[in-house]
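Here is how the chains run, residue by residue.
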Amino acid sequence: MADQFPEFDVLIAGGGNAALCAALNAADSGCSVIVVESAPEWCRGGNSRHTRNLRHMSAAYPEDEFFADLHRVTGGRTHEHLARMTIRASANCLPWMLSHGVRFQKSLAGTLHLDRTNAFFLGGGKALMNSYYQAAARRKIRVLYDAEVVDLEIETGRFRSARVRMDGRDLEIRAKALVAAAGGFESNLEWLEEIWGPPARNFLIRGTPYNKGRVLKLLLERGAVPEGDPAQCHAVAIDARAPKFDGGIVSRLDSVPLGIVVNRHGERFYDEGEDLWPKRYAIWGRLLAEQPEQIGFSIIDSKALGCFMPSVFPAVRGDSIGELAAKLELPVDAVCSTVDRFNAAVAPGEFNHGVLDGCRTHGLPPEKTHWARRIDQPPFLGYPLRPGITFTYLGVKTGPGAAVAMQGGDVPSNIFAAGEIMAGNILGKGYLAGFGMTIGTVFGRIAGREAARAARQ
Ligand SMILES: Cc1cc2nc3c(=O)[nH]c(=O)nc-3n(C[C@H](O)[C@H](O)[C@H](O)COP(=O)(O)OP(=O)(O)OC[C@H]3O[C@@H](n4cnc5c(N)ncnc54)[C@H](O)[C@@H]3O)c2cc1C
């Protein structure tokens with residue numbers, strides 16, 4: 001039998017950026033608010049605590065350019081009305097964030113290309129989340145940690161209460177409105193395996209282990225209309241030595257375009273120099289997922305040092321390619337012959353890793369079409385790579401007021417969604433750096449305001 005808890009105006013499921021933006025706005029509208037966060041206090045804040053920046057519209061980055069960027073990365077899989085509304089609303093995110101304690105800093109080395117379009121959080125996402133939790137405490141918002149929403153009572157499309165598991169006991173918490181801000185399902189390994197099959201067991205999850213998609217699944221089971229491709233996730237190449245969960249940004253590795261990538265058999269499998277790295281690095285997660293044992297190895301020589309952001313783990317080093325291959329536990333003869341064939345195919349050219357320089361190979365399957373330089377200057381360096389999942393795309397359908405669309409439902413909803421759990425409405429495919437936090441901030445604020453309105457009715 002579930003324990004009883006007092007009724008709140010607004011219950012927020014989740015404890016990341018979208019959740020806290022919703023909680024603060026609902027409290028600022030005069031509501032009693034409870035935040036239910038499944039993580040313990042020390043790792044509260046979901047994937048949002050791993051972030052560094054937010055993309056926002058400004059005089060230097062107008063709406064049409066922002067929308068064109070979004071249209072390009074999604075291949076048109078976006079709802080233009082919602083997308084443009086989000087973009088316009090992003091113009092006033094910074095003052096609101098400042099007024100809730102967030103501070104900004106200049107972009108750091110390696111991210112200067114985002115200087116015009118993105119605002120960087122001083123102290124990163126962790127400091128941002130701490131500021132929001134402090135602002136929540138000042139507003140007397142109740143926060144439950146180590147508290148997982150395990151069931152939702154929804155009758156004829158209206159939310160009544162949530163069952164929350166804490167300390168092995170179930171509490172029933174009633175509220176007049178619900179904001180679902182519990183992220184995607186990227187840390188639910190069984191769910192990933194249903195989609196990707198056994199290779200999913202070798203994926204690393206870049207963010208929190210708490211985004212298991214339980215709230216998403218409950219909403220879909222209770223009649224919420226799905227949005228976003230269930231079979232897609234955003235995956236990048238990360239250092240294979242990263243932990244299973246929560247490795248964060250420091251396990252990212254940018255050395256791929258500067259050398260070659262071989263698989264477990266010591267063979268190349270894709271053009272490492274296809275396009276500028278920020279545009280292409282997302283496809284490497286999928287490419288690695290298709291390789292034997294879902295692993296690859298980035299191999300460079302000392303000429304590449306200083307041209308890329310290293311991962312937090314030191315490179316494996318060898319004075320010869322053979323020594324490096326042995327240390328990486330790869331078949332030595334196969335790697336030496338792959339490097340020899342690559343070096344022989346490199347055509348003369350003017351190397352410039354800042355542009356598509358046309359330095360390429362000729363007659364090599366697969367060709368390397370840019371930044372191809374002979375790998376011949378010791379020490380030789382290698383990094384093991386695995387697919388690192390950032391987020392999933394399946395979510396619930398919402399309109400501009402953040403209300404969750406329910407199957408056949410024409411009752412005004414008291415269920416709202418914000419952040420990753422509904423991002424598929426706008427970001428149907430691909431990724432635009434900093435846009436996850438834009439969606440969470442814009443829709444979190446809307447969801448908080450609308451949930452407060454629903455609670456008052
Ligand atoms: C390494 C990394 C770096 C990133 N960098 C950036 C960046 O710089 N800029 C950017 O815009 N985006 C970035 N992203 C994407 C960004 O993290 C997400 O878009 C954003 O954090 C989503 O916010 P959210 O509030 O929806 O989800 P989250 O912040 O993930 O929050 C979800 C919350 O729900 C809780 N939860 C889950 N299930 C339950 C349940 N059943 N009951 C209760 N609580 C539950 C979780 O504990 C968590 O607190 C990055 C992602 C990663 C992994």
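A look at the environment of valine 215
One can find valine 215 in helix H7 (residues 214–221). Here valine 215 falls in the buried class, since its relative accessible area comes to 7%. Remark: the alpha-carbon pair of valine 215 and glycine 296, spanning 81 residues in sequence, is separated by 34 Å. Here valine 215 is in contact with Ala13, Val149, Ala180, Ala182 and Ile421, once residues within four sequence places are set aside.

Let's talk about the nonpolar core
Judged by nonpolar contacts, the single largest core of 104 residues is most densely connected at Met97, Leu219 and Phe443. By residue number, the principal contributor to this core is helix H12 (residues 435–456), which donates 11 residues. Residues within four places of phenylalanine 443 in sequence aside, it is in contact with Leu82, Met85, Thr86, Thr398, Gly399, Pro400, Ala402, Ala417, Ala418, Gly419, Met422 and Ile426. Grouped together as the second largest cluster of nonpolar side chains are 21 residues, Leu328, Val339, Phe342 and Ile375 included.

Overview of the domain arrangement of the protein
The domains assigned to the protein are domain 1 (3–231 + 393–456) and domain 2 (236–388). Counting from both sides, the interface comprises 19 residues of domain 1 and, opposite them, 21 residues of domain 2. Three residues, Asn202, Leu204 and Arg206, lead the burial of domain 1 against domain 2; their summed loss comes to 43% of the area buried on that side. Run the count over domain 1 and domain 2 and you get 1 salt bridge. The closest approach of N and O atoms between aspartate 246 and arginine 49, which form a salt bridge, is 2.8 Å.

So, the site of the ligand
Within the structure, the ligand sits among 38 residues, and Glu37, Ser48, Asn53, Glu420 and Met437 are positioned closest to it. Separating a nitrogen atom of the ligand from a backbone N or O atom of asparagine 53 is a distance of 2.8 Å. When the ligand sits alone it has 1,000 Å² of accessible area, and the protein chains cover 97% of it. Of all elements in the fold, only helix H1 (17–28), strand S8 (147–155), H7 and H12 reach the threshold of two or more residues within the shell around the ligand.

Focus on the environment of glycine 30
With respect to the helices, strands and loops of the structure, glycine 30 is situated in the loop between H1 and strand S3 (33–36). By relative accessible area, glycine 30 is classed as exposed at 62%. On a C-alpha basis, the gap between glycine 30 and asparagine 17 in space is 20 Å, while along the polypeptide they are 13 residues apart.

What to know about the packing of helix H3 (residues 80–90) against H12
The geometry of H3 relative to H12 is characterised by a closest axis approach of 10 Å and an angle of 90° between their N-to-C directions. It follows that H3 is roughly perpendicular to H12 by the angle criterion. Together, Leu82, Met85, Thr86, Ala89 and Ser90 of H3 and Phe435, Thr438, Ile439, Val442, Phe443 and Ile446 of H12 make up the contact between the two elements.

Notes on the packing of H1 against H12
For any two helices packed against each other, the geometry comes down to the angle between their axes and how far apart the axes lie. Between H1 and H12, the least distance of the axes is 7 Å, while the angle of their chain directions is 35°. For the element pair H1 and H12, the recorded crossing hand is right-handed. Residues Asn17, Ala18, Cys21, Ala22, Asn25 and Ala26 of H1 pack against Met437, Gly440, Thr441, Gly444, Arg445, Gly448, Arg449 and Ala452 of H12. The class makeup of the residues in the contact of H1 with H12 is 6 nonpolar, 6 polar and 2 charged.

A few points about the packing of aromatic side chains
Applying the stated rule across the entire model yields 12 aromatic pairs. Ring geometry for tryptophan 196 against phenylalanine 203: centres 5.3 Å apart, planes inclined by 80°, an arrangement best described as edge-to-face. Look at phenylalanine 203 and you get buried, because its relative accessible area is 1%. Within the aromatic cluster, the residues linked to one another by ring pairs are Tyr61, Phe66 and Phe435. Looking at lysine 217, its charged tip hangs above the ring of tryptophan 191, at a distance of 4.3 Å from the centre. Against the face of phenylalanine 351 rests arginine 373, its NZ or CZ located 3.5 Å from the ring centre.

Some details on the pairing of strand S9 (residues 158–166)
Of the pairings in the sheet, the one linking S8 to S9 comprises 8 bridges and is antiparallel in character. Across the sheet, aspartate 151 pairs through a bridge with arginine 163, a residue of S9. With antiparallel pairing between neighbouring strands as the criterion, S8 and S9 make up a hairpin whose turn holds 2 residues, including threonine 156 at a positive phi of roughly 40°. In this sheet, strand S10 (residues 169–180) lies alongside S9 in antiparallel orientation, the contact comprising 6 bridges. Bridged to alanine 162 within S10 is isoleucine 173. Between S9 and S10, which pair antiparallel and follow one another directly, the connecting turn spans 2 residues, one of which, aspartate 167, has a positive phi of 50°.

What about helix H5 (residues 124–138)?
When the terminal C-alpha atoms of H5 are compared, their 22 Å separation across 15 residues agrees well with the 21 Å that a helix rising 1.5 Å per residue should span. Within the span of H5, buried status applies to Gly124, Gly125, Leu128, Met129, Ser131, Tyr132, Tyr133, Ala135 and Ala136. Lining the buried residues of H5 we find H1, helix H4 (93–99), strand S6 (118–121), strand S7 (142–144) and H12. Lysine 140 lies just past H5 and shows a positive phi near 60°.

Brief notes about the sheet that holds S6
With antiparallel pairing, the 3 strands of this open sheet are ordered in space as S4-S6-S5. In this open sheet, the two edge strands, each paired with only one partner strand, are strand S4 (53–55) and strand S5 (104–105). Examined bridge by bridge, S4 and S6 share 3 bridges and lie antiparallel to one another. What sits directly across from arginine 55, in S6, is asparagine 118. Contacts from H12 reach S4 and S6 within the one sheet, and its direction differs from that of S4 by about 75°.

Calculation rules
- Residues numbered from 1 in each chain as written.
- Predicted model: local features only at pLDDT ≥ 70, side-chain atom pairs only at ≥ 80, totals over all residues.
- Heavy atoms only, no water.
- Helix = DSSP H or I, 4+ residues; strand = E, 2+ residues; numbered from the N terminus.
- Buried < 20%, exposed > 50% of the residue type's maximum accessible area, 1.4 Å probe, protein only.
- Contact = heavy atoms within 4.5 Å.
- Core = buried A, V, L, I, M, F, W, Y, C linked by side-chain atoms within 4.5 Å.
- Domains from an automatic or database assignment.
- Buried area = accessible area lost by both parts, 1.4 Å probe.
- Salt bridge = Lys/Arg side-chain N within 4 Å of Asp/Glu carboxyl O.
- Near = heavy atom within 4 Å.
- Polar contact = N/O pair within 3.5 Å; in protein donor to acceptor, adjacent residues only side chain to side chain.
- Areas by Shrake-Rupley, 256 points an atom, 1.4 Å probe, with all protein chains shown as cover.
- Axes fitted to C-alpha atoms, helices over the stretch in contact; angles between N-to-C directions.
- Parallel < 35°, antiparallel > 145°, perpendicular 65-115°, else oblique.
- Left-handed = near helix turned anticlockwise from the far one by under 90°.
- Nonpolar A, V, L, I, M, F, W, Y, C, P; charged D, E, K, R; others polar.
- Phe/Tyr/Trp six-rings, centres within 6.5 Å; stacked < 30°, edge-to-face > 60°.
- Lys NZ or Arg CZ within 6 Å of the ring centre and 35° of its normal.
- Pairing = 2+ DSSP bridges.
- Expected span 1.5 Å × (residues − 1).

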